[in-house]
Amino acid sequence: MPKNDNRTSIIAAYFIIVGFETLREVELFLFSLFSTMYVFTISSHFMIVTLVSVDHHLHKPMYILLANFSMLEVLYTTVTVPKMLNALLTHHKEISSSSCLAQFYFLFGFGGAENCLLAVMAYDRYVAICRPLHYPNLMSGKTILKLALGAWVGGLLAAFPPTVWISTLRFCFPNFIDHFFCDYAPLLKLSCEDTSKVLIFTEGSLVALVPSLLTILSYIRITISILRIHSSSGRQKAFSTCGSHLAVFFLFSASAVSMYFKPSSASSPQKGKFVTLMYTALTPMFNPYIYCLRNSDVKTAVGNCCTIRTKVGRTPNNMFVEKYFVFVNSKISRLFNRIYTI
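Residues numbered from 1 in each chain as written. Predicted model: local features only at pLDDT ≥ 70, side-chain atom pairs only at ≥ 80, totals over all residues. Heavy atoms only, no water.

Trainee: What exactly am I supposed to notice about the overall build of the chain here?
Mentor: Within the chain, the regular secondary structure consists of 12 helices and 5 strands. A burial count over the chain gives 46% of its 342 residues as buried. Counting contacts in the chain only where the partners sit at least 6 residues apart, residues at least 24 apart contribute 80% of the total. Accessible surface, the chain as shown: approximately 17,500 Å² in total, 67% of it carbon and sulfur. (Helix = DSSP H or I, 4+ residues; strand = E, 2+ residues; numbered from the N terminus. Buried < 20%, exposed > 50% of the residue type's maximum accessible area, 1.4 Å probe, protein only. Contact = heavy atoms within 4.5 Å. Areas by Shrake-Rupley, 256 points an atom, 1.4 Å probe, with all protein chains shown as cover.)

Now the structure itself:
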């Protein structure tokens, strides 16, 4: 049933991404800011993947899952940010309907896979703390790879039905998407049909609520086990192994849930853009620092990469690796020092 009989029903060949409507000088500033953040994010996550790949000391379940999470962060960010940067720089805001659907699918697919992987990482910490004697058997190399693959496949499969459903809708003119990517809410506003929040239920229950509830359940069990530890130093050590994961979980899931599980009457396009920026651009940039640069194993791996020498001295490749890791480390540390002093 049409939402508004005065609107023209069309089969859109393309959409217009409104993005950030502001002065040209502000758009150029936003382009510089977001492009720097994007390069920084990609470099940091590739650093993690490289470290886990080349350092055998990091060939452990927790770091294998972390490398998978970093790859998902790279893909998740790349789905939206380059198109946003292109629109800010060139004012080319058109996107074909097929590209819009592909962006919608991969955004929710990779986002859902991230949420599933966070649940797997919580389960890994649960086994490590609550069932340490069974950890080698329960979290073997094959099991970890199967769980990681399951998170990837689960997220991508869960995003498929909503994408197919969106592709069957008819949209009304004008075809302006009041966002900086093809998100579900702006697309529903363009639809001439009765959508009835079906997409929210499907997408939310499968790739947001269920993994998030599993993660919370794992940490409830972890907390109960930690509180039973008599030694204060033991409790502190146990909590420290979970703190970074919890921080990333709340940064990602809390912002996403607050965005997609609220009444439509309470939503505003500008607030929606800001909240979406939190989990598509900001949290992927902060996650490497939260997870790795305060982790002793990762610091040791970075130090090993920075001090690799042959008998005749450092090779050009090793010198490049050293400069790369030192540069990324210094930039992240400087950024967070400024944030903490605000």
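From this point, things continue past the structure.
Trainee: Is there a simple way to think about the packing of aromatic side chains in this case?
Mentor: Remark: the centre distance and the inter-plane angle together describe each pair of aromatic rings, the angle taken between the planes. Tallied over the entire structure, the rule returns 6 aromatic pairs. Aromatic pair phenylalanine 104 and phenylalanine 108: ring centres 4.8 Å apart, planes at 50°, arrangement tilted. In this pair, phenylalanine 104 and phenylalanine 108 both sit in helix 3 (residues 97-130), 4 residues apart, roughly one turn of the helix. Ring centres of phenylalanine 106 and phenylalanine 110 lie 5.6 Å apart, and the angle between their planes is 25°; this geometry places the pair in the stacked category. In this pair, phenylalanine 106 and phenylalanine 110 are both assigned in helix 3, 4 residues apart and thus about one turn of the helix distant. Through a chain of ring-to-ring contacts, three or more aromatic side chains come together here, namely Tyr105, Phe106, Phe110 and Trp152. (Phe/Tyr/Trp six-rings, centres within 6.5 Å; stacked < 30°, edge-to-face > 60°.)

Trainee: Sorry if this is basic, but what is going on with the UniProt feature "transmembrane region" (unreviewed entry) in the chain here?
Mentor: Taking the UniProt record as the reference, the feature "transmembrane region" (unreviewed entry) is found at residues 28-51, 63-82, 102-123, 144-166, 206-227 and 239-261. End-to-end, the C-alpha atoms of residues 63-82 are 28 Å apart, and along that stretch the chain is 100% helix and 0% strand. (UniProt positions renumbered as here; feature names shortened; annotations may be inferred.)

Trainee: Help me understand the pattern of salt bridges in this model?
Mentor: Pairs may arise between side chains of opposite charge once their charged atoms sit close together. Under the counting rule described, the total for this entry stands at 1 salt bridge. Arginine 125 is the partner of aspartate 124 in a salt bridge, and the nearest nitrogen-oxygen pair spans 2.9 Å. One exposure class covers both aspartate 124 and arginine 125, and it is buried. (Salt bridge = Lys/Arg side-chain N within 4 Å of Asp/Glu carboxyl O.)

Trainee: Mind showing me how you'd approach the confidence of the model for the chain here?
Mentor: Parts of the prediction with low pLDDT should not have their coordinates interpreted in detail. Averaged over all residues, the pLDDT of the chain is 77; the fraction at 70 or higher stands at 73%. Low pLDDT, under 50, characterises residues 1-6; the predicted model gives this stretch 9 contacts beyond four residues in sequence or across chains. Every residue in residues 309-315 is under pLDDT 50, and counting partners more than four places away or in other chains gives 5 contacts. (pLDDT = per-residue confidence, 0-100.)

Trainee: Can you help me understand helix 2 (residues 61-90) in this one?
Mentor: Each full turn of the α-helix corresponds to 3.6 residues, which orients residues three or four apart in the same direction. Here helix 2 contains 30 residues, and its C-alpha end-to-end distance of 44 Å stays within 8% of the 44 Å for a straight helix at 1.5 Å per residue. Threonine 78 marks the point of greatest bend in helix 2, at about 40°, and the proline proline 82 comes within the next four residues. The buried count for helix 2 comes to 21 of 30 residues, which makes it a mostly enclosed element. Looking one or two residues beyond helix 2, the residue adopting positive phi is histidine 91, at roughly 65°. (Expected span 1.5 Å × (residues − 1). Bend = angle between axes of the 7 residues up to and from the residue.)

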